Amino acid sequence: SIVHSLFLPIDTTLIFNVGMVPLCVIPRLFNRKVILHVDGFEWKRRKWNPVVKTYFQLCARFAPLVANKIITDSKHVQNYYIQNYKVATTFITNGAYLASAEHKNTLTKILNKYKVSRNNYILSVARIVPENNIDLAIEAFRKINTDKKFLIIGEANYKSKYFEKLKLITDKKIIFAGPVYNEKD
């Protein structure tokens, strides 16, 4: 926690999510640097009500004032902070290197489990939440003429009416494979 970190011999605190902006003040009061990973446009997510959306917008506005450095994982978000708040951010992309034999074995197990042929599928890996638009991806997939399958890896990390509705889809070419946490799953 941020309070716990105050008792550690550190000079920088890394905080995730723009909604934590008010907490960024605490380490700053103790002369510590704060790096804030703002994540995405929280105020645009469908899951939040208008009050929460306004809170996130205010946090975004104050982020450059309380953080020594802002990290983004999207060029779009980075451009937003440059254009709206005249602040340079550090862009660090999300990603993974998946060429190891272990990762290839994991993929092969998933493909075999769902009877999907190698190179004959379209893959989506994401949290199944409204802002990731899996419903739109499914709609687009249904409009293309293909024999490929649509393999969807991921789940919602909370009870979700959105995800429950998607799981009712009975198209045999659309496969919800669930989450994959490590090579042993």
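Here we summarise the structure given alongside this text. Quick caveat: nothing in here was measured; it's all calculated off a predicted structure.

**A word on the state of the cysteines**
- Inspection of the entire model under this criterion finds zero disulfides.
- Free of any disulfide, Cys24 has its nearest neighbouring cysteine sulfur in Cys59, separated by 8.8 Å.
- Look at Cys24 and you get buried, because its relative accessible area is 0%.
- For Cys59, a relative accessible area of 4% puts it in the buried group.

**Some remarks on the sheet that holds strand E5 (residues 121-125)**
- Read from one edge of the open sheet, three strands run E5-E6-E7, paired in parallel fashion. Single-partner strands in this sheet number two, and they are E5 and strand E7 (174-178). With strand direction ignored, the average angle separating the axes of adjacent strands in the sheet is 20°.
- Where E5 and strand E6 (residues 149-153) come together, five bridges link them in parallel fashion. For Tyr121, the partnering residue across the bridge sits in E6 and is Lys149.
- Sheet strands touched by helix H6 (residues 134-143): E5, E6 and E7. Its angle to E6, the strand with the most contacts, is close to 170°.

**Overview of the packing of aromatic side chains**
- Scanning all chains against the criterion turns up ten aromatic pairs.
- Pairing Phe41 with Trp43 gives two aromatic rings, centres 5.4 Å apart and planes at 65°, and the pair type is edge-to-face. Like Trp43, Phe41 is buried.
- One aromatic cluster in this structure is built from Phe41, Trp43, Tyr80, Tyr81 and Tyr85.
- Its guanidinium or amino end placed over the ring of Phe41, Lys44 lies 4.6 Å from that ring's centre, counting from NZ or CZ.
- Over the aromatic face of Phe163 sits the side chain of Lys167, whose NZ or CZ is 4.7 Å from the ring centroid.

**Here's the deal with the nonpolar core**
- One finds Val18, Val21, Leu36, Val38 and Tyr81 to be the most contacted residues of the largest nonpolar core, which totals 21 residues.
- Residue assignment for this core shows that the elements contributing at least two residues are helix H2 (21-29), strand E2 (33-37), helix H3 (50-66) and helix H4 (75-85).
- If you tally residues by element for this core, the top one is H3, at five residues.
- Beyond its immediate chain neighbours, meaning those up to four positions away, Tyr81 contacts Val18, Val38, Ala60, Ala63, Ile70, Lys86, Val87 and Thr89.
- The next biggest cluster of nonpolar side chains, apart from the first, holds eleven residues, and it includes Ile128, Ile134, Phe163 and Ile174.

**Notes on H3**
- With 17 residues, H3 should cover 24 Å at 1.5 Å per step; its first-to-last C-alpha distance of 24 Å lies within 8% of that length.
- Where H3 bends most, at Ala60, the angle is about 30°, and the proline Pro64 comes one to four residues later.
- Of all the residues in H3, the buried ones are Phe56, Cys59, Ala60, Ala63 and Val66.
- In this structure, the buried residues of H3 make contact with H2, E2, strand E3 (69-72) and H4.
- Sitting at the head of H3, Asn49 places a side-chain oxygen 2.9 Å from the backbone nitrogen of Val51.

About the cut-offs
Residues numbered from 1 in each chain as written. Predicted model: local features only at pLDDT ≥ 70, side-chain atom pairs only at ≥ 80, totals over all residues. Heavy atoms only, no water. Disulfide = S-S within 2.5 Å. Buried < 20%, exposed > 50% of the residue type's maximum accessible area, 1.4 Å probe, protein only. Pairing = 2+ DSSP bridges. Helix = DSSP H or I, 4+ residues; strand = E, 2+ residues; numbered from the N terminus. Axes fitted to C-alpha atoms, helices over the stretch in contact; angles between N-to-C directions. Contact = heavy atoms within 4.5 Å. Phe/Tyr/Trp six-rings, centres within 6.5 Å; stacked < 30°, edge-to-face > 60°. Lys NZ or Arg CZ within 6 Å of the ring centre and 35° of its normal. Core = buried A, V, L, I, M, F, W, Y, C linked by side-chain atoms within 4.5 Å. Expected span 1.5 Å × (residues − 1). Bend = angle between axes of the 7 residues up to and from the residue. Polar contact = N/O pair within 3.5 Å; in protein donor to acceptor, adjacent residues only side chain to side chain.

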